[in-house]
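Architecture at a glance
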Amino acid sequence: MTAMGDHALLDRVLTEADPARTPRDAHPGAAALMVRDRIIRTSRAPRRRRAVAVGWASGLAAAAAAAVVAVAVLVPQGEAVAEGLDPLDFSSAESAAATVESAQESLAASDGPIAPERVVRSANWAFDINGSTGETEVVPQLTVLQWEPDLSGHMTSILGVPYDPADATANMGAEVSSSGQISVDLPIEPGQFATAVPDAFGSSEQEVEAALSAFGMPADPTGAEVLTAMTTMLQQWTLTNPQQSQLLGILEATGDAEGLGSTVDRLGRPAAGLRVVSDDGAASDVVLMSIDTGRIIGIERTNLEDTDLIDAGAVVSYTLWDLDESLIR
């Protein structure tokens, strides 16, 4: 299909993404490509140091896997990483069914795109850890991906203002703000954007399920498998409200989602949450839905097992959608 293969396009993204931090030969490992995980490891690193990319940065996908812009983190061999970001606080928990029903009612009553759009605005972050001092910063990134039916497009990423993870909870509404520094400015030539669903699709349950299947959802999926395909879809398409309603219904029907109640996301927006544990039990994802509109506005991943990189209970990545255009300048 393409003048440039999937790996070549991903290499271009990685090269454009702050080359002072990311080695030119960095690329996601096979496991990350298979599950579209948000912990991406580089395959080569300087001797006695290990390059670890934490977080995911864009909606650009290479074949079935999301192409991510990785921020490399150099950590001395065998040394543990500092604590991650604190999870969001939830209150007034409801069942998953009640949570989804409320979101679907809000979706039916609010405005949204009249057709699915090939443009995605997202905010996400990565750790930047100084291997010598252990000092840790959270580096947000704001990304706009726009693509066309001929599989051309453009991706721009702007670095956010770094902050200390310890200050995140106290400054919830200010966690993602633009520095104005462009880290990626990537034109995509016709035929280069690889997607499993190049054509706009409808809002019936069958049509949305067919799109999820194209993005890798198997028959009789677990909640985690639905969420993996759903995340890839949201990385590439801004969906209509009826389509998002179907997504939530399909996820809830697996029986694997847990209602968490209400919270405020990293941009200060009131949200309700659903938690889905990964099939291997190593992590959990929280889907955030706007209290006002019902739309899916974010997904956060929490580590559930202690590793040599990060403690159990720490948030290791998030992506937020439906951003105010003024946030990305």
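Structure's up top.
How each quantity is defined
- Residues numbered from 1 in each chain as written.
- Predicted model: local features only at pLDDT ≥ 70, side-chain atom pairs only at ≥ 80, totals over all residues.
- Heavy atoms only, no water.
- Axes fitted to C-alpha atoms, helices over the stretch in contact; angles between N-to-C directions.
- Helix = DSSP H or I, 4+ residues; strand = E, 2+ residues; numbered from the N terminus.
- Parallel < 35°, antiparallel > 145°, perpendicular 65-115°, else oblique.
- Left-handed = near helix turned anticlockwise from the far one by under 90°.
- Contact = heavy atoms within 4.5 Å.
- Nonpolar A, V, L, I, M, F, W, Y, C, P; charged D, E, K, R; others polar.
- Buried < 20%, exposed > 50% of the residue type's maximum accessible area, 1.4 Å probe, protein only.
- Pairing = 2+ DSSP bridges.
- Salt bridge = Lys/Arg side-chain N within 4 Å of Asp/Glu carboxyl O.
- Phe/Tyr/Trp six-rings, centres within 6.5 Å; stacked < 30°, edge-to-face > 60°.
- Lys NZ or Arg CZ within 6 Å of the ring centre and 35° of its normal.
- 1 Å grid on protein atoms, 1.4 Å probe; cavity = no way out; pocket = protein on both sides within 12 Å on 5 of 7 lines; lining within 4 Å.
- Points joined across faces, edges and corners; volume = space filled by probe spheres on them.

Notes on the packing of helix 5 (residues 223–236) against helix 6 (residues 241–253)
Two elements in contact, helix 5 and helix 6, have axes whose closest approach is 9 Å; the angle formed by their N-to-C orientations is 160°. Taken together, the axes of helix 5 and helix 6 are roughly antiparallel relative to one another. The crossing of helix 5 and helix 6 is left-handed. Mapping the contact onto sequence places Gly223, Val226, Met230, Met233 and Leu234 in helix 5 and Gln244, Leu247, Ile250 and Leu251 in helix 6. Of the residues assigned to the contact of helix 5 with helix 6, the class counts are seven nonpolar, two polar and no charged.

A word on the pairing of strand 7 (residues 136–147)
Most of strand 7 is tucked away: 10 of the 12 residues are buried. With seven bridges connecting them, strand 7 and strand 8 (residues 153–160) associate as antiparallel partners. Counterpart to Leu142 in the pairing with strand 8 is Ile158. Hairpin connection of strand 7 to strand 8: five residues between the antiparallel strands, including Leu151 at a positive phi of 65°.

Considerations on the pattern of salt bridges
If charged atoms from side chains of opposite charge come close, those side chains can pair. Applying the stated rule across the entire model yields five salt bridges. Between Arg301 and Asp285 there is a salt bridge; the shortest N-O distance is 2.6 Å. You can see Arg301 sitting in strand 13 (residues 296–303) and its partner Asp285 sitting in strand 12 (residues 283–290), a full 16 residues away along the chain. What makes Arg301 buried here is its relative accessible area of 11%.

Some remarks on the packing of aromatic side chains
One pass over the full model with this rule turns up three aromatic pairs. Taking the centre distance of 4.8 Å and the plane angle of 25° together, the rings of Trp147 and Phe193 count as stacked. Here Phe193 lies in the loop between strand 9 (178–188) and helix 4 (205–214) and Trp147 lies in strand 7, a separation of 46 residues in the sequence. Take Phe193: its relative accessible area is 0%, and that puts it in the buried class. Each ring, one from Phe201 and one from Trp237, has its centre 5.9 Å from the other, and the planes form 80°; the classification is edge-to-face. Here Phe201, found in the loop between strand 9 and helix 4, pairs with Trp237, found in the loop between helix 5 and helix 6; they are 36 residues apart in sequence, far enough to count as distant. Residue class for Phe201 comes out buried when judged on its relative accessible area of 12%. The residue whose ring lies beneath Arg118 is Trp147, and the NZ or CZ to ring-centre distance is 5.2 Å.

Some points on the layout of surface pockets
Its volume calculated, the second largest pocket comes out at about 210 Å³. Contributing to the lining of the second largest pocket are 16 residues, with Val119, Arg121, Thr238, Asp322 and Leu323 lying nearest its centre. With three residues, strand 6 (residues 119–129) is the single largest residue contributor to the lining of the second largest pocket. Class assignment of the residues belonging to the lining of the second largest pocket gives a composition of nine nonpolar, two polar and five charged.

Focus: the side chain of Ser278
Along the chain, Ser278 turns up in the loop between strand 11 (270–277) and strand 12. When its relative accessible area of 13% is taken as the criterion, Ser278 is described as buried. Dropping the residues within four chain positions of it, Ser278 is found in contact with Ala224, Ala283, Ser284 and Arg301.

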